[in-house]
Amino acid sequence: MQRTGLYYPYVHFRDPAWIKAAALYLPGVARVVPEGFHVSDPDHVRVLRDDLDFIQNIDPADAVEAASRHLLRLVDERGEEVRSRFGVHGTGGPDAMDVVNAEPSPPGTPAPVGNRERFFSPRGRPLAGLYPGEMSPELRDTLFGTGLAVRRVRNAVSHDAHHAWVGMDPALAWVYKCALTAELAGRTAFLPVTDQEAAHTAIDPWDAERMAAVLLGGAPAPVGTGDLAGRVGVLSVRCVLPARLAGVPAEKIVELRKKYEPEFFAYMDAIARTTADLREELAGIRSRQALDLYVRQAVHKDFEVELVKLREAMKGVGLQTITTSVSTTFDTPTSAALASGLFGTVGGTVAGSAAGIVAGVGATAVGILGGARRQRDAALAASPVSFLLRIERGLKPTTAVSRIGRALRRSVGASV
């Protein structure tokens with residue numbers, strides 16, 4: 001079974017192409033929406049949410065206390081080190097209204113430079129924001145009291161005027177969001193997924209020790225195999241996506257999912273099987289680079305090669321083979337015989353003979369097309385990657401010739 005994705009570290013999806021691709025290999029995506037948070041989705045997200053029921057909001061309340069305890073423990077045990085690197089300094093005092101102008105971002109990555117902030121981290125990084133409902137009251141008070149956060153901050157990044165945000169260093173905010181997502185994933189069996197490239201993810205457990213290692217240096221992040229299903233899904237669907245997926249209407253994604261739902265579920269089962277095999281074989285792996293190599297090899301074998309085989313099976317089932325077969329069937333009468341027959345007819349008899357020939361051609365074509373359709377259906381039903389072929393042909397730009405050809409095949413039930 002392919003698991004529902006759990007999007008992090010934000011509420012609103014940042015990359016239109018990512019969320020559209022996710023709808024082609026995940027059954028659904030949940031996102032963390034604290035109680036009282038105002039969600040404002042663009043049109044393509046609303047289509048996936050409302051027409052496909054692909055996006056669900058989940059309140060993190062059950063996981064907030066556990067995630068907060070991890071950061072509280074880190075501050076209690078290594079507060080001076082954390083403050084020296086990620087403390088928030090400013091000229092406005094703890095109650096000043098100011099601006100969040102950066103996203104949570106992994107340690108070591110550059111944060112965008114804003115021009116409206118008064119508060120900033122010791123390293124000159126602008127503030128990232130967390131919604132107050134994402135942490136316990138005890139953690140909020142501790143962060144305010146130790147200079148690791150400022151209160152009453154509005155968010156200029158997401159153009160949010162509805163909430164008062166907690167302003168923190170972007171790296172500290174990222175690590176806490178990973179911990180919160182991991183806690184929530186452990187309670188729901190959801191699969192953490194993100195459209196952000198990062199070395200430190202919400203996969204596998206987070207605790208005070210891992211927070212310290214990531215923020216202050218120490219042991220590298222564990223390799224882990226908890227996100228294998230997401231990796232397999234991304235790599236397998238990527239080989240058939242158009243170059244400009246962001247511009248593909250979300251309605252097309254919804255149409256593909258609904259029209260070919262059985263094939264979509266068969267594809268998800270194939271992802272689950274590949275993931276299970278990898279997890280069993282690579283349980284003790286320590287190299288992330290080696291893990292990526294094995295995943296790519298498995299995707300090539302289980303999906304790319306199977307897709308090539310399916311494309312080959314589809315050859316000869318379409319209009320080209322049908323046209324060849326029809327012309328071969330009616331190649332028997334010679335031109336002399338046709339001329340002899342025509343000279344022996346007059347008036348309506350000629351018309352009747354022509355009509356009979358056309359009717360015969362049509363009947364034979366329908367029979368051949370019916371056979372082609374049965375061959376096509378059998379090949380698609382036998383392949384675990386038929387949904388990938390649907391994506392490839394359903395989303396790629398079409399020429400006038402290909403549209404006409406597909407219309408002709410549809411008219412007799414032989415299109416793929």
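Here we summarise the structure given alongside this text. (Residues numbered from 1 in each chain as written. Predicted model: local features only at pLDDT ≥ 70, side-chain atom pairs only at ≥ 80, totals over all residues. Heavy atoms only, no water.)

Observations regarding the overall build of the protein chain
Then, number 1: The secondary structure content of the protein chain amounts to 15 helices and eight strands.
Then, number 2: Expressed as a percentage of its 416 residues, the buried residues of the protein chain come to 46%.
Then, number 3: Long-range pairs, those at least 24 residues apart, make up 80% of the contacts in the protein chain with a sequence separation of at least 6.
Then, number 4: When the accessible surface of the protein chain is split by element, carbon and sulfur atoms take 55% of a total near 20,100 Å². (Helix = DSSP H or I, 4+ residues; strand = E, 2+ residues; numbered from the N terminus. Buried < 20%, exposed > 50% of the residue type's maximum accessible area, 1.4 Å probe, protein only. Contact = heavy atoms within 4.5 Å. Areas by Shrake-Rupley, 256 points an atom, 1.4 Å probe, with all protein chains shown as cover.)

Quick look at the nonpolar core
Then, number 1: If you look at the biggest cluster of nonpolar residues, it comprises 56 residues, and the most contacted ones within it are Leu48, Phe54, Phe303, Leu388 and Ile391.
Then, number 2: Looking at this core, the element that brings in the most residues is helix H10 (residues 288–314), giving eight residues.
Then, number 3: Residues within four places of Ile391 in sequence aside, it is in contact with Leu24, Val237, Val240, Leu241, Leu256 and Lys396.
Then, number 4: With 44 residues, the next largest nonpolar core counts Leu139, Leu180, Ala182 and Met211 among its residues. (Core = buried A, V, L, I, M, F, W, Y, C linked by side-chain atoms within 4.5 Å.)

Brief notes about the sheet that holds strand E8 (residues 191–193)
Then, number 1: The four strands lie next to each other as E3-E2-E1-E8, forming an open sheet whose pairing is parallel. The open sheet has two edge strands, strand E3 (55–58) and E8, and neither has a second partner. Averaged over neighbouring strand pairs, the angle between their axes works out to 35 degrees when direction is ignored. (Pairing = 2+ DSSP bridges. Axes fitted to C-alpha atoms, helices over the stretch in contact; angles between N-to-C directions.)

Considerations on helix H7 (residues 228–238)
Then, number 1: Of all eleven residues in H7, nine are buried, a share of seventy percent or more.
Then, number 2: For H7, the complete set of buried residues consists of Leu228, Ala229, Gly230, Arg231, Val232, Gly233, Leu235, Ser236 and Val237.
Then, number 3: The elements touched by buried residues of H7 are E8, helix H9 (261–281), H10 and helix H14 (386–395).

Here we look at the packing of aromatic side chains
Then, number 1: Counted according to the given criterion, the structure contains eleven aromatic pairs.
Then, number 2: Measuring from ring centre to ring centre gives 6.3 Å for Tyr8 and Trp174, while their planes differ by 55 degrees; the resulting arrangement is tilted. With Tyr8 in the loop between strand E1 (5–7) and helix H1 (16–22) and Trp174 in helix H5 (residues 170–188), the pair connects residues that are 166 residues apart, well separated along the chain. In this pair, the class of Tyr8 matches that of Trp174, namely buried.
Then, number 3: Through pairs of rings, three or more aromatic residues link up here, namely Phe264, Phe265, Tyr267, Phe303 and Phe387.
Then, number 4: Seen from the ring of Phe264, Arg257 lies directly overhead, with NZ or CZ sitting 3.9 Å from the centre. (Phe/Tyr/Trp six-rings, centres within 6.5 Å; stacked < 30°, edge-to-face > 60°. Lys NZ or Arg CZ within 6 Å of the ring centre and 35° of its normal.)

Looking at the environment of Glu80
Then, number 1: Following the sequence through the fold, Glu80 ends up in helix H3 (residues 61–86).
Then, number 2: Here Glu80 falls in the exposed class, since its relative accessible area comes to 58%.
Then, number 3: Side chain to side chain, Glu80 and Arg83 meet in a polar contact 2.3 Å long. (Polar contact = N/O pair within 3.5 Å; in protein donor to acceptor, adjacent residues only side chain to side chain.)

A look at the pattern of salt bridges
Any two side chains of opposite charge can pair, so long as their charged atoms come close to each other.
Then, number 1: Applying the stated criterion to the full structure yields 15 salt bridges.
Then, number 2: Between Glu209 and Arg73 there is a salt bridge whose closest N-O contact spans 2.3 Å. With a gap of 136 residues between them, Glu209 in helix H6 (residues 208–216) and Arg73 in helix H3 connect regions that are remote in the sequence.
Then, number 3: Among the ionic pairs, Arg311 bridges to Glu392, the shortest N-O distance being 2.5 Å. Within this pair, whereas Arg311 is found in helix H10, its partner Glu392 is found in helix H14, the two being separated by 81 residues in sequence.
Then, number 4: Residue Glu392 is classed as buried on the basis of its relative accessible area of 18%.
Then, number 5: Within this structure, Arg31, Asp41, Arg49 and Asp50 form a network of salt bridges that share partners. (Salt bridge = Lys/Arg side-chain N within 4 Å of Asp/Glu carboxyl O.)

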